[in-house]
Amino acid sequence: MTYQQPQPGQPQQPGWGQQPPPPRKRKTGKIIGFGCLGIVGLIVLITVIAMVASGGDDGNESSTTKPSATQGEAKKNEPKEESKEEESAEKAPVTVTAKAVAFKKSVLAQGDDYTSVQVTITNNSKSDIEVNPLYVTITDTDGSKHTVELGVDEDQLDAMTLSPGENATGTVTAKGTFDAKYVTYTDGLLGDSVRGDVS
């Protein structure tokens, strides 16, 4: 038996007892498949985001197609919304009440030219709040804001920490004689402000 050289362009014949090498598996199909899956997933994600973003607009369009139904619902809900606002006002985290009182001069006061307001600060929240006369300002009927003078009134509001459910009453006093319209309490120097009208 003679072995012949293969001619160029012809595959080489395996010898007796030799197995041809297995064909190489190509991963190109998997890569393309995962790439297409990623693109489809991205399109689905963008579509979902667009639907969520335009979800509020769909509600408005449906309300314009049925104006009588939505107007009737709005009229029914108005009293409920008002009662919710009243409840939230009653359950405010901090409430402030104020009334004008006579100035009671202390030894630190220089003269009698002061205006005093008695304030009651109530903690309705679930955490402690800080009370300090420096956290309160007085606004007069002309809209001018007055800072509080320390130690000039005998009944000055004390600095303290109020636990939930507690309240503190004391006087805040500003320089000058004016008609106080409301007081503003700020929970700390940078906290939320609460206003109380002066009675």
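Heads up: these notes are all about the structure in this document. All values reported here derive from a predicted model rather than from experimental measurement. (Residues numbered from 1 in each chain as written. Predicted model: local features only at pLDDT ≥ 70, side-chain atom pairs only at ≥ 80, totals over all residues. Heavy atoms only, no water.)

The two faces of a sheet get side chains in turn, since along a regular strand they alternate between them. For strand β4 (residues 136-140), the buried fraction is high: 5 of the 5 residues fall into the buried class. Neither face of β4 is open: one carries Val136, Ile138 and Asp140, the other Thr137 and Thr139, and all of them are buried. By the bridge criterion, 5 bridges tie β4 to strand β8 (residues 180-186) in an arrangement that is antiparallel. When the sheet's bridge partners are listed, Val136 is paired in β8 with Tyr185. Note that β4 and strand β5 (residues 145-147) share 3 bridges and pair antiparallel. Note that in β5 the partner of Thr139 across the bridge is Lys145. Counting the residues that bridge the hairpin from β4 to β5 gives 4 residues, and of these Gly143 lies at a positive phi of roughly 95 degrees. (Buried < 20%, exposed > 50% of the residue type's maximum accessible area, 1.4 Å probe, protein only. Helix = DSSP H or I, 4+ residues; strand = E, 2+ residues; numbered from the N terminus. Pairing = 2+ DSSP bridges.)

Pairing is antiparallel in the open sheet, where 3 strands are placed in the order β1-β2-β7. In this open sheet, the two edge strands, each paired with only one partner strand, are β1 (94-101) and β7 (167-175). Going from strand to strand, the sheet's axes swing by 25 degrees on average, the running direction of each strand aside. (Axes fitted to C-alpha atoms, helices over the stretch in contact; angles between N-to-C directions.)

Looking now at the environment of Val194. Tracing the backbone shows Val194 in strand β9 (residues 193-197). As for Val194 and Thr184, which are separated by 10 residues in sequence, their C-alpha atoms are 5.6 Å apart. If we skip the residues at most four places from it in the chain, Val194 touches Val94, Thr95, Val96, Val183, Thr184 and Tyr185. (Contact = heavy atoms within 4.5 Å.)

One can find Val117 in strand β2 (residues 114-123). C-alpha of Val117 to C-alpha of Lys99: the two residues are 18 residues apart in sequence and 5.7 Å apart in space. In contact with Val117, other than residues within four places in its own chain, are Ala98, Lys99, Val101, Ile138, Gly170, Thr171, Val172, Ala180, Val183 and Val198.

Per the counting criterion, the structure on display carries 2 salt bridges. When the shortest N-O distance is used, the salt bridge between Lys104 and Asp155 registers 2.9 Å. Remark: Asp155 occurs in the loop between β5 and β6 (160-162) and Lys104 occurs in the loop between β1 and β2; sequence separation between them is 51 residues. We classify Lys104 as partly exposed; its relative accessible area is 42%. The partner of Asp112 in a salt bridge is Lys105, and the shortest N-O contact between them spans 3.9 Å. Take Lys105: its relative accessible area is 40%, and that puts it in the partly exposed class. (Salt bridge = Lys/Arg side-chain N within 4 Å of Asp/Glu carboxyl O.)

Bringing the sheet that holds β4 into the picture now. Taken in spatial order, the 4 strands line up as β5-β4-β8-β9 in an open sheet, and their pairing is antiparallel. Two strands bound the open sheet, and with one partner strand each, they are β5 and β9. Strand-to-strand, the axes of this sheet are offset by a mean angle of 30 degrees, without reference to chain direction.

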